[in-house]
Amino acid sequence: MVERTTLEVIAPTVEQALAQGLAQLGLTADAVSVEVLDAGSRGLFGLGGRQVRVRLTVNPPPAAQPGTATTARPAEQARMEGPAPASGPGALEAAASPAQIHDALLDTTETIVSRLLFHLGLQAQVSAHYGEGQDEHQPILVSVHGKDLGVLIGRRGEILNAFQYVASLMVGKASGRFVRLVVDVEGHRERRERQLRQLARRMADQVMKTGRKLTLEPMSAAERRIIHLELRDHPAVTTQSSGEEPHRKVTIYPKG
């Protein structure tokens, strides 16, 4: 496989898509190859038209001549080596060893997520890479960036979770295998995880002070897991989930 970086952009025109993609990649036009995936349409009287969808692929660095040493500039070297590993257990951008190897499955994922966004009338940039894990347990992390994407998240992330579920099914069907996607929009999941960890510690302190159990608001399975993990080794409290979906809650109990 060839090491490369791709990015799909949806915009009103090819020129705008190219400009947005180059700005996000931090490159000039001569450093990428451009493929127009959907030329779009203007629609009748300017209404109901489709935006264009463009894929930008970073060109590989030129091969060195035999016997000639090459020195990459810092920015180029950083792109060639890939991003530094992110800190924190929930960092969506954390890169596993093959994270920068873009294969057919990642291309399929980016294409499907981009098409879903397009049909929702949203303009965004999509990038996908592998997360930590092995074989079928290795998730695909999808980052979506753009303007006015709050509608894709929803009040408690329920719309984003539904979008992620549909995208997972479509990618799995297209690839003929089970695929676990984690879709994040403008870093929403990372921010939500930090908030939940802070909430867990704050509520644990409250339980310690009062000596009484405390039940949190209903949460998804993924969010409940964050609470459980945050307080798993707490010396004074323990946690337990109860109730039926979608109203299942976490209760924090004092130990002893």
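Definitions and limits used
Residues numbered from 1 in each chain as written. Predicted model: local features only at pLDDT ≥ 70, side-chain atom pairs only at ≥ 80, totals over all residues. Heavy atoms only, no water. Core = buried A, V, L, I, M, F, W, Y, C linked by side-chain atoms within 4.5 Å. Buried < 20%, exposed > 50% of the residue type's maximum accessible area, 1.4 Å probe, protein only. Helix = DSSP H or I, 4+ residues; strand = E, 2+ residues; numbered from the N terminus. Contact = heavy atoms within 4.5 Å. Pairing = 2+ DSSP bridges. Axes fitted to C-alpha atoms, helices over the stretch in contact; angles between N-to-C directions. Salt bridge = Lys/Arg side-chain N within 4 Å of Asp/Glu carboxyl O. Arc of directions from axis to C-beta.

### Some words on the nonpolar core
Among soluble globular proteins, nonpolar side chains are generally buried collectively.
Thinking step 1. Counting residues in hydrophobic clusters, the biggest one holds 25 residues, and the most contacted among them are Val 113, Leu 117, Ile 140, Val 142, Val 144 and Leu 181.
Thinking step 2. Put simply, the parts of the chain that give this core at least two residues each are α3 (104-119), β6 (124-130), β7 (140-146), α4 (158-175) and β8 (181-185).
Thinking step 3. Counting residues per element, this core draws most heavily on α3, which supplies six residues.
Thinking step 4. Excluding residues that lie within four positions of it along the chain, Ile 140 makes contacts with Leu 105, Leu 106, Thr 109, Ala 128, His 129, Tyr 130, Val 179, Arg 180, Leu 181 and Val 182.
Thinking step 5. Counting 14 residues, the second-largest nonpolar core is a separate cluster that includes Ala 200, Ala 204, Ile 227 and Val 250.

### Describing the sheet that holds strand β11 (residues 249-254)
Thinking step 1. With respect to topology, three strands assemble into an open sheet ordered β9-β11-β10, the strand pairing being antiparallel. Sheet topology places β9 (214-215) and β10 (237-242) at the edges, where each strand pairs with a single neighbour.
Thinking step 2. Relative to β11, β9 runs antiparallel, the two sharing two bridges. When the sheet's bridge partners are listed, Leu 214 is paired in β11 with Ile 252.
Thinking step 3. Sitting on the sheet, helix α5 (residues 188-210) is in contact with β9, β10 and β11, with an inclination near 40° to β11.
Thinking step 4. In this fold helix α6 (residues 221-231) packs onto β10 and β11, with an angle of close to 160° to the strand it touches most, β10.

### Brief notes about the pattern of salt bridges
Any two side chains of opposite charge can pair, given that their charged atoms come close.
Thinking step 1. Evaluation of the coordinates by the stated rule reveals eight salt bridges.
Thinking step 2. For the salt bridge of Glu 223 with Arg 192, the shortest nitrogen-to-oxygen distance reads 2.8 Å. With Glu 223 in helix α6 and Arg 192 in helix α5, this pair connects stretches of sequence that are 31 residues apart.
Thinking step 3. Classification of Glu 223 as buried rests on a relative accessible area of 13%.
Thinking step 4. Residues Glu 193 and Arg 197 are paired through a salt bridge, measuring 3.0 Å at the closest nitrogen-oxygen approach. Here Glu 193 pairs with Arg 197, and both are found in helix α5, just four residues apart, close to one helical turn.
Thinking step 5. Judged by its relative accessible area of 12%, Glu 193 is buried.

### Examining α6
Thinking step 1. Residues of α6 that are buried: Glu 223, Arg 224, Ile 226, Ile 227 and Leu 231. Down the axis of α6, the buried side of the element spans an arc of 150°, and every buried residue falls inside it. For α6, exposure combined with an orientation more than 90 degrees from the buried face picks out Ala 222 and Arg 225.
Thinking step 2. Here the buried face of α6 lies against α5, β10 and β11.

### A short note on the environment of Leu 37
Thinking step 1. The topology assignment puts Leu 37 in strand β2 (residues 32-38).
Thinking step 2. Classification of Leu 37 by relative accessible area gives partly exposed; the value is 27%.
Thinking step 3. Taking the C-alpha atoms as reference points, Leu 37 and Val 52, separated by 15 residues in sequence, lie 7.6 Å from one another.
Thinking step 4. Beyond its immediate stretch of four places on either side in the chain, Leu 37 contacts Glu 8, Arg 53, Val 54 and Arg 55.

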